[in-house]
Structures are given as structure tokens and as C-alpha cells.
Amino acid sequence: MEITFKPSSVNNLEKYIALYKSCFPEASHLQFDYLSWLYYANPMGEAIGADAWCDDNIVGQVMAVPGKYFFRDEIVKGLLAVNVVVHPSCQGRHLFKKLGLRMCEYGAHAGYDFVIGVANRAATLLWVRQMGFQLVIPLEARVGVGTLSLKKRASEIINSTELRHLWDENSILWRLNNPSKDIFLGRDTKTGWATAYAPTGKFGITATAEFPLDAGDIDNLQPRIFQPFLPRLFLGLVPTYSFGNCYVKIPERMKQSPLNLIFKNLIDSKDRVDPFSCFINFLDFDAF
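Reference entry: report on the structure contained in this document.

Conventions used here
Along each chain, residue indices are assigned from 1 in the same order as the chain's sequence is written. Predicted model: local features are reported for residues with pLDDT of at least 70 only, side-chain atom pairs are reported and counted for 80 or more only, and whole-chain, interface and lining totals are derived from all residues. To obtain the side-chain values, all non-hydrogen atoms of the structure were used and water was disregarded. Helix and strand definitions here come from DSSP, where helices need a minimum of 4 consecutive H or I residues and strands a minimum of 2 consecutive E residues; each element is numbered from the N-terminal end. Only C-alpha atoms enter the radius of gyration, while the globule expectation follows 2.2 Å times N to the 0.38, with N the number of residues. Throughout this description, buried means an accessible area under 20% of the type-specific maximum (1.4 Å probe, protein chains only), exposed means over 50%, and partly exposed covers the range between. The contact criterion used throughout is that any non-hydrogen atoms of two residues lie within 4.5 Å. A pair of strands is labelled paired if DSSP reports no fewer than 2 bridges between them. Throughout, right-handed denotes a crossover for which the path from the first strand over the helix to the second runs clockwise when the strands point away from the viewer. Lines fitted to C-alpha atoms define the axes, with helix axes restricted to the stretch in contact, and inter-axis angles between N-to-C directions lie between 0 and 180 degrees. The definition of a nonpolar core used throughout is a set of buried Ala, Val, Leu, Ile, Met, Phe, Trp, Tyr and Cys residues joined through side-chain atoms within 4.5 Å. For classification purposes, an angle smaller than 35 degrees is called roughly parallel, one larger than 145 roughly antiparallel, one from 65 to 115 roughly perpendicular, and anything else oblique. By the definition used in this description, the sense in which the near helix is turned from the far one sets the handedness, with an anticlockwise turn below a right angle giving left-handed and a clockwise turn giving right-handed. Residues are grouped as follows: Ala, Val, Leu, Ile, Met, Phe, Trp, Tyr, Cys and Pro are nonpolar; Asp, Glu, Lys and Arg are charged; all remaining types, including Gly, are polar. Whenever a carboxyl oxygen of Asp or Glu lies within 4 Å of a side-chain nitrogen of Lys or Arg, that contact is scored as a salt bridge.

## Regarding the overall build of the protein
Next up, step 1: In terms of regular secondary structure, the protein is built from six helices and 15 strands.
Next up, step 2: Against the globule reference of 19 Å for 288 residues, the protein gives a C-alpha radius of gyration of 19 Å, in line with a compact fold.
Next up, step 3: The principal-axis extent of the C-alpha atoms belonging to the protein is close to 60 × 45 × 40 Å.
Next up, step 4: The proportion of buried residues among the 288 residues of the protein is 52%.
Next up, step 5: Of all intrachain contacts in the protein linking residues separated by at least 6 positions in sequence, the fraction that spans at least 24 positions is 76%.

Right, here's the structure in full:
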């Protein structure tokens, strides 16, 4: 059985859906509208990916979506690894590694500076051991009530941040238009910070994120309806921030798997980011 590799293409979206259905039959959101939005409606550009072909069928894929990031005081182009899939009939042939390395190669040739991702325990081992990614740090997973009030410490947080996604009007509008999930947004016009909320799928718990809205006509951004006061889940990282008593850690035994931030510099493979300088939340990796 001969396997060949090609860059991902919008022309193969129906084949991607067929592959996803065969591997993730319970992932009902992996449909045409959602994948078209995620891969091809992004204002930063189309997704970068590698496909594995056997005859006329796609049997594996690693896909990443573009984003604009602040990285060490510069604005750069980065990639977020989002979907990894290998058909059961082709597992054990190191396709994950081969596809991941090709995705990185395609991204480097397209001018992207790095790839980040949020991976579970099993996938983290493959990204790190087989593809040279840095295991940066597990994400904080906390449940609490009320706001995090990050804007009150905005200067300290931003000055301590080495890596964060840049959300401007175009990118946040794209993010809010996810066809498979409702996201609510409130913003503070005085500080430029915004708060996002999304359903988690757990009754009575909503995900929360607080972040700066960057360059763009953000005054023209119309907030969504404010989410009701409910227990909130924070999933991410905030440099220098102490959560206090209002947000408590979710015990390890209650997590399905720790989520780890991973990183690979496509220009300098030896580069490493400071684990305590990364600013990330659920908006940045499409968790909800």
C-alpha cells in the first residue's frame, strides 16, 4: 500500500469530511460549514496542512490555521495545529510524524515563524519526541465565579508576555462567527480589553476568557449579548497572574487529559519560549 503526501487543499474538503467521519464518528461539528470557516474563511489566510493519500483516498492529515501573534515584541505570522487524523487502516506507519513534519515544512516555506498547539498527553509525546516540539507547560484549568479582572493588571501582564495571539476587529469577528458554537463578547471601551464566553457542554458552566483587543476599528465592533452569571471555566495561561480564591484548580483526577501548550520555531529549531510568559485562552485554540 503506497502512501504519497501532498499539501492540503480546499478542493478536497469533502474528502476531509469523509476521513473525519470514519475516525471521529461522534464529532458532529466536523461538517462542511465549520471546516470551511476554520480552514478557508480565516482573514489571515487559508489553513496550512499535509495530506496522506492512498490511491484516491485521503488516509491522514495534519492541519494548522494561521494567526497573527505578538512574539517577543514583534508582530509575526504563526500557525496553530488544530486537527490530526490517521485512518485506522494506516496507523502504525508513522504517518503522524511524517505529516506533522511536512506541515511544518510547508508553513516555513509560506513564511510562518512558528507552530503552536494544545495537545493531550498522548499527542504531546508524539509532537515532542518525533517532531522536535517544546512541551511548554500544561494549561491552567480552573472553575470559579465572577470576572478575572485582568484589565486591572493589564500593563504588568502584557509587559511579561512573550507570546500571545493578536485579536483585531477582523480576526475576532471571524472567531465569533464559528458556525458550530455560540460565543458571547463584552468589551470595555476605556481599556480596550474584552471578555468572551462560550458554552462548555457541561450544564451550568460557561467558559471565560479576558484579553486585549488590538489594532483595528474596535469601536465598530458590536458586542454580543452578555452571558448570564454562571460558574465559569478558565482554560489557558496568564503571565504573572494569581487566581486567588475565586477560581480553584480542577483536580487532575477530574480531567480527561491534561492539555499541554506545545511550540516549535520554524526558523530556529533550538528556540524555546519561557513557560511563564505565554498568554493563551480558549479563543486561541478553538476549545469551545
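## Considering the pairing of strand 4 (residues 74–86)
Next up, step 1: Note: strand 3 (residues 57–71) against strand 4, twelve bridges, orientation antiparallel. Within strand 4, the residue paired with A64 across the bridge is A81.
Next up, step 2: With antiparallel pairing between neighbouring strands as the criterion, strand 3 and strand 4 make up a hairpin whose turn holds two residues, including R72 at a positive phi of roughly 55°.
Next up, step 3: Bridging between strand 4 and strand 5 (residues 114–119) involves four bridges; their strand directions are parallel. Paired with A81 across the strands is G117, a residue of strand 5.
Next up, step 4: Each parallel crossover has a hand, and for strand 4 linked through helix 3 (residues 95–109) to strand 5 it is right-handed.

## Details of the sheet that holds strand 10 (residues 193–199)
Next up, step 1: Spatial ordering of the open sheet is given by 9-10-11-12-7-13, a layout of six strands whose pairing is mixed. Two strands lie at the open edges of the sheet, namely strand 9 (184–187) and strand 13 (247–249), each paired on one side alone. For this sheet, the mean inter-axis angle between neighbouring strands, taken without regard to orientation, is 30°.
Next up, step 2: Direction of pairing for strand 7 (residues 140–144) relative to strand 13: antiparallel, over a ladder of three bridges. Residue pairing for strand 13: G144 is matched across the bridge by Y247.

## Focus on the nonpolar core
Next up, step 1: Counting 66 residues, the largest nonpolar core has Y39 and F211 as its most contacted members.
Next up, step 2: Discounting residues that sit within four places of it in the chain, F211 has contacts with W167, I172, L185, G192, W193, A194, A196, F279, N281 and L283.
Next up, step 3: I48, V62, C90 and V115 belong to the second largest nonpolar core, which has 27 residues in total.

## Examining the packing of helix 3 against helix 4 (residues 121–131)
Next up, step 1: In the contact formed by helix 3 and helix 4, the axes pass within 10 Å of each other and the chain directions differ by 65°. Judged by the angle between their axes, helix 3 and helix 4 are roughly perpendicular. Along this stretch, helix 3 crosses helix 4, giving a crossing that reads as right-handed. Contacts between helix 3 and helix 4 pair F96, K97, G100, L101 and M103 from the former with A123, L126, W127, Q130 and M131 from the latter.
Next up, step 2: Of the residues assigned to the contact of helix 3 with helix 4, the class counts are seven nonpolar, two polar and one charged.

## Quick word on the pattern of salt bridges
Any two side chains of opposite charge can pair if their charged atoms end up close together.
Next up, step 1: Evaluation of the coordinates by the stated rule reveals eight salt bridges.
Next up, step 2: As a salt-bridge pair, R72 and E162 come within 2.4 Å of each other at their nearest N and O atoms. Of the two residues, R72 sits in the loop between strand 3 and strand 4 while E162 sits in the loop between helix 5 (154–159) and strand 8 (163–165), which places them 90 residues apart along the sequence.
Next up, step 3: When the shortest N-O distance is used, the salt bridge between R164 and D214 registers 3.0 Å. Taken together, the residues R164 in strand 8 and D214 in the loop between strand 11 (206–212) and strand 12 (232–236) connect sequence positions 50 residues apart. Of the two residues, R164 and D214, neither departs from the other in class, the shared state being buried.
Next up, step 4: Each of the salt bridges in this network shares a partner with another, and the network as a whole consists of R72, E162 and D271.

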